[in-house]
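# Summary of structural features
Residue strings, one per chain:
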Amino acid sequence: MKVLNTSIKHIILLTRVPCSKQDVEESTEQQLTTCRKYIKNLGINKFKAYTLEESSSRGNRKEFLQMINDIKTCDGCTALVFTKVDRLLRRFNEVPELDKLRQQGKIQLHAVKNNLVLTKDSTASDIHRFRLLAADAERFSNRISEETREKILICCQQGRYPGHAPLGYVNGRSEYGLLWIYPDIQKAFWVAEIFKKFAEGNSLKQLVVWCHKAGLTSVNNKPLCTKAIIRILQNPFYKGKFRHNGKLYAHYYERLVEKDVWEKCQIRLKHYRKNKG
């Protein structure tokens with residue numbers, strides 16, 4: 001791959017933390033080693049490094065957008081160096097923005113292992129190849145997402161909750177190595193007491209004070225407020241079920257609340273909402 005550096009004023013070395021589906025050759029350290037060696041051939045010693053820890057296929061990708069904004073505000077042309085196109089992006093809708101910067105001479109795209117460099121003077125053939133690689137990257141990402149959704153659905157159908165344990169429980173592994181959820185020996189009793197006390201007639205405000213005195217805090221170690229306690233009382237996980245994507249599934253973890261206590265709490269919550277409204 002022939003590299004022309006006469007118009008390059010800045011260099012950005014881009015790496016992205018690989019997911020478990022990606023092989024060891026694409027580890028962050030391997031990406032750094034490959035790109036550093038490549039940058040030496042450009043004749044520019046200084047570069048700015050970005051390591052993206054965010055998903056390349058979900059959300060707004062704040063770090064990625066910050067990098068693009070830095071490129072826009074830099075004087076001259078920036079060479080963006082990365083190992084492969086799928087390290088740069090996994091969503092084809094990001095291609096037009098990069099292409100616009102390339103046409104303006106603000107950016108060069110250097111995909112080292114793809115043996116591809118895009119500049120404002122690139123041929124139609126190279127541009128087409130980059131777009132094909134971007135489309136393949138998006139297809140791979142979509143396939144991984146689909147496989148993940150299928151695994152989560154199977155997990156739910158088997159009665160295993162695919163998420164972080166609610167207050168009063170902790171995530172762990174079973175004796176067979178499966179991801180499992182166990183009662184938190186420090187908080188399970190106190191969470192169960194919330195249901196018991198509310199069923200017996202304690203008000204939500206009384207429960208807030210009681211939780212504060214008992215030292216019971218949220219999973220983020222924040223004091224429990226009225227809304228937090230309502231969320232606990234409404235969570236079916238404590239009675240043996242959980243919600244995922246709008247559906248209710250039975251789980252096989254230890255319950256903290258018996259059915260009759262749960263139902264009493266729901267009746268009181270219904271009256272509370274009616275009176276408040």
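Here is a short report on the structure shown in this document. Everything numeric here is computed off the predicted structure, so don't read it as measured data. (Residues numbered from 1 in each chain as written. Predicted model: local features only at pLDDT ≥ 70, side-chain atom pairs only at ≥ 80, totals over all residues. Heavy atoms only, no water.)

## So, the environment of Gln-31
Counting through the fold element by element, Gln-31 comes out in helix H1 (residues 28-40). Exposure remark for Gln-31: the relative accessible area of 1% places this residue in the buried category. (Helix = DSSP H or I, 4+ residues; strand = E, 2+ residues; numbered from the N terminus. Buried < 20%, exposed > 50% of the residue type's maximum accessible area, 1.4 Å probe, protein only.)

## Comments concerning the packing of aromatic side chains
For any pair of aromatic rings, the description rests on two quantities: the centre-to-centre distance and the angle between the ring planes. Evaluation of the coordinates by the stated rule reveals 11 aromatic pairs. On the numbers, 4.7 Å between centres and 75° between planes, the contact of Trp-180 with Tyr-253 is edge-to-face. Within this pair, whereas Trp-180 is found in strand S7 (residues 179-183), its partner Tyr-253 is found in the loop between strand S9 (247-250) and helix H9 (259-276), the two being separated by 73 residues in sequence. Residue Tyr-253 is classed as buried on the basis of its relative accessible area, which comes to 5%. Between the aromatic rings of Trp-190 and Trp-210, the centroid separation amounts to 5.8 Å while the plane-to-plane angle is 50°, which identifies the pairing as tilted. You can see Trp-190 sitting in helix H6 (residues 188-200) and its partner Trp-210 sitting in helix H7 (residues 204-214), a full 20 residues away along the chain. Within the aromatic cluster, the residues linked to one another by ring pairs are Tyr-161, Tyr-169, Trp-180, Phe-195, Phe-237, Tyr-238, Phe-242, Tyr-249, Tyr-253 and Trp-262. Across from the ring centre of Phe-198, 4.4 Å away, lies the NZ or CZ of Arg-268, which sits over that ring. (Phe/Tyr/Trp six-rings, centres within 6.5 Å; stacked < 30°, edge-to-face > 60°. Lys NZ or Arg CZ within 6 Å of the ring centre and 35° of its normal.)

## Quick look at the nonpolar core
Counting residues in each nonpolar core, the largest one holds 31 residues, and the members touching the most others are Ile-194, Phe-195, Leu-224, Leu-233 and Tyr-238. Taken together, the elements giving at least two residues each to this core come down to H6, H7, helix H8 (226-234) and H9. Every residue in contact with Leu-224, bar those within four places of it in the chain, is listed here: Leu-167, Ile-194, Val-208, Cys-211, Leu-216, Thr-217, Ser-218, Ile-229 and Ile-232. Grouped together as the second largest cluster of nonpolar side chains are 24 residues, Leu-14, Phe-82, Ile-127 and Phe-130 included. (Core = buried A, V, L, I, M, F, W, Y, C linked by side-chain atoms within 4.5 Å. Contact = heavy atoms within 4.5 Å.)

## Digging into the packing of H6 against H9
Relative orientation of the contacting elements H6 and H9 amounts to 60°, with a least axis distance of 9 Å. The angle between H6 and H9 falls in the class oblique. Along this stretch, H6 crosses H9, giving a crossing that reads as left-handed. Contacts between H6 and H9 involve Phe-195, Lys-196, Phe-198 and Ala-199 on the former and, on the latter, Val-261, Trp-262, Lys-264, Cys-265, Arg-268 and Leu-269. Among the residues making up the contact of H6 with H9, the classes are represented as 7 nonpolar, no polar and 3 charged. (Axes fitted to C-alpha atoms, helices over the stretch in contact; angles between N-to-C directions. Parallel < 35°, antiparallel > 145°, perpendicular 65-115°, else oblique. Left-handed = near helix turned anticlockwise from the far one by under 90°. Nonpolar A, V, L, I, M, F, W, Y, C, P; charged D, E, K, R; others polar.)

## Observations concerning H7
Restricting attention to buried positions, one finds in H7 the residues Leu-204, Leu-207, Trp-210 and Cys-211. Down the axis of H7, the sector holding all buried residues measures 110°, keeping them to one side. Exposed positions of H7 whose direction lies more than 90 degrees from the buried face are Lys-205, His-212 and Lys-213. Of the surrounding elements, those touching the buried residues of H7 are H6, H8 and H9. (Arc of directions from axis to C-beta.)

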